[in-house]
Amino acid sequence: MFRGLHEGEPFVIPNPWDAGSARVLEGLGFKALATTSSGFAFALGRRDGGATLEEVVEHAWALDEATSLPVSVDLENGYGATPEDAARAITAVAAAGAVGGSIEDFDPAEGLYELEYAAERVAAAVETARSVDFPFTLTARAENHIRGNPDLDDTIARLSAYADAGADVLYAPGLATVEEIRAVCDAVERPVNVLARPSLSAAEIFASGAQRISVGGSLTWVAMKAFVGAAEAIRDRGDFSAFADPVSLDAWLD
């Protein structure tokens, strides 16, 4: 089902941060879900990158149990620098019920991996993904544009290498314009995921060649903005008016 979505009409894959938000997104009619490393880390009271593989596996299991939708997991760099680490992360989330996962080419301690080594890591993840007994969709991420190296040519070279290594989907978070998105999509022969931006509509992103749009942690921050606004009104003015329009859970949790 999840693999097939990448062969049909372009689609949006939103990113819940917990089981409740996953249920809401399923109730709203989305076709698949992807975890968000930043949103999940925040739910644990930490910054992005602060969750362990074991915690992410438990999170993947919870989302899979909460909804009937296919779940893809943001596995950051695989929770270790080696190709074996990337492979181990795939094995772990596949066992928890995920049908997809992403591996990125950035190490929090060392920075961007060299292209050849990054491709080795993707190849190891792909080999493991092919070994599970169901179709597991491997997304390979080129982190340049959100890690201080917005070199489009290098990003395309990396994504091309990851496609050659067997990745099913390619993703370069941080592409800022339709021109950049189109350049990437035209240069590679795999479905491309694009991170949503406030300045671009879904129609514009899809028209540029993207097959999939994700939102990263943005829904988490939208929810928290409303939460903080209501809490500040209570603290500063004793104002509870934000409670005037209660949310009905029936459509999402029944």
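Structure's up top.
What counts, and where the lines are drawn
- Residues numbered from 1 in each chain as written.
- Predicted model: local features only at pLDDT ≥ 70, side-chain atom pairs only at ≥ 80, totals over all residues.
- Heavy atoms only, no water.
- Axes fitted to C-alpha atoms, helices over the stretch in contact; angles between N-to-C directions.
- Helix = DSSP H or I, 4+ residues; strand = E, 2+ residues; numbered from the N terminus.
- Parallel < 35°, antiparallel > 145°, perpendicular 65-115°, else oblique.
- Left-handed = near helix turned anticlockwise from the far one by under 90°.
- Contact = heavy atoms within 4.5 Å.
- Nonpolar A, V, L, I, M, F, W, Y, C, P; charged D, E, K, R; others polar.
- Expected span 1.5 Å × (residues − 1).
- Buried < 20%, exposed > 50% of the residue type's maximum accessible area, 1.4 Å probe, protein only.
- 1 Å grid on protein atoms, 1.4 Å probe; cavity = no way out; pocket = protein on both sides within 12 Å on 5 of 7 lines; lining within 4 Å.
- Points joined across faces, edges and corners; volume = space filled by probe spheres on them.
- Patch = residues over 30% accessible without salt bridge, like charges linked within 9 Å, V, L, I, M, F, W, Y side chains within 5 Å.
- Areas by Shrake-Rupley, 256 points an atom, 1.4 Å probe, with all protein chains shown as cover.
- Salt bridge = Lys/Arg side-chain N within 4 Å of Asp/Glu carboxyl O.

Let us now look at the packing of helix 4 (residues 53-66) against helix 5 (residues 83-95). Across the interface, helix 4 lies against helix 5 with an axial gap of 9 Å and an inter-helix angle of 30°. Judged by the angle between their axes, helix 4 and helix 5 are roughly parallel. For the crossing formed where helix 4 meets helix 5, the hand is right-handed. Side by side, helix 4 and helix 5 meet where L53, E54 and V57 of the first sit next to R88, A89, A92 and V93 of the second. Grouping the constituent residues of the contact of helix 4 with helix 5 by class yields 5 nonpolar, no polar and 2 charged.

With that settled, consider helix 5. The periodicity of an α-helix, 3.6 residues per turn, causes residues three or four positions apart to be oriented the same way. The terminal C-alpha atoms of helix 5 lie 19 Å apart, and with 13 residues this matches the ideal 18 Å at 1.5 Å per residue to within 8%. Within the sequence span of helix 5, burial applies to P83, D85, A86, A87, A89, I90, V93 and A94. Elements in contact with the buried residues of helix 5: helix 4, strand 3 (71-74), strand 4 (100-104), helix 6 (115-131) and strand 7 (137-141). In the stretch just after helix 5, G97 is the one whose phi turns positive, near 110°.

For the rest of this paragraph, the subject is the environment of K31. Tracing the backbone shows K31 in the loop between helix 2 (19-27) and strand 2 (33-34). Judged by relative accessible area, which is 46%, K31 ranks as partly exposed. Between the alpha carbons of K31 and T52 there is a distance of 27 Å; along the sequence they are 21 residues apart. Among all residues touching K31, those that are not within four sequence positions of it are M1, L5, L69 and P70.

Now for empty space enclosed by the protein. A full pass over the atoms with the stated rule returns 1 cavity of 30 Å³ or more. Forming the boundary of the largest cavity are T35, T36, S37, F40, A51, V56, H59, V73, D74, E76 and Y79. Contributing elements (two or more residues each) for the lining of the largest cavity: helix 3 (37-43), helix 4 and strand 3. Of the residues that constitute the lining of the largest cavity, the class distribution is 5 nonpolar, 4 polar and 2 charged.

So, about a nonpolar patch on the surface. A cluster of nonpolar side chains, contributed by I234, F240 and F243, occupies part of the molecular surface with about 300 Å² of accessible area. Mapping F240 onto the fold places it in the loop between helix 10 (218-237) and helix 11 (250-253).

Before going further, it helps to spend a moment on the packing of helix 5 against helix 6. Taken N-terminus to C-terminus, the directions of helix 5 and helix 6 make an angle of 30°; their axes are 8 Å apart at the nearest point. The angle between the axes of helix 5 and helix 6 places the two elements in the roughly parallel class. Here helix 5 runs over helix 6; the crossing is right-handed. Contacts from P83, A86, A87, I90 and T91 of helix 5 reach helix 6 at Y117, E120, R121, A124, A125, T128 and A129. Of the residues belonging to the contact of helix 5 with helix 6, the class tally is 8 nonpolar, 2 polar and 2 charged.

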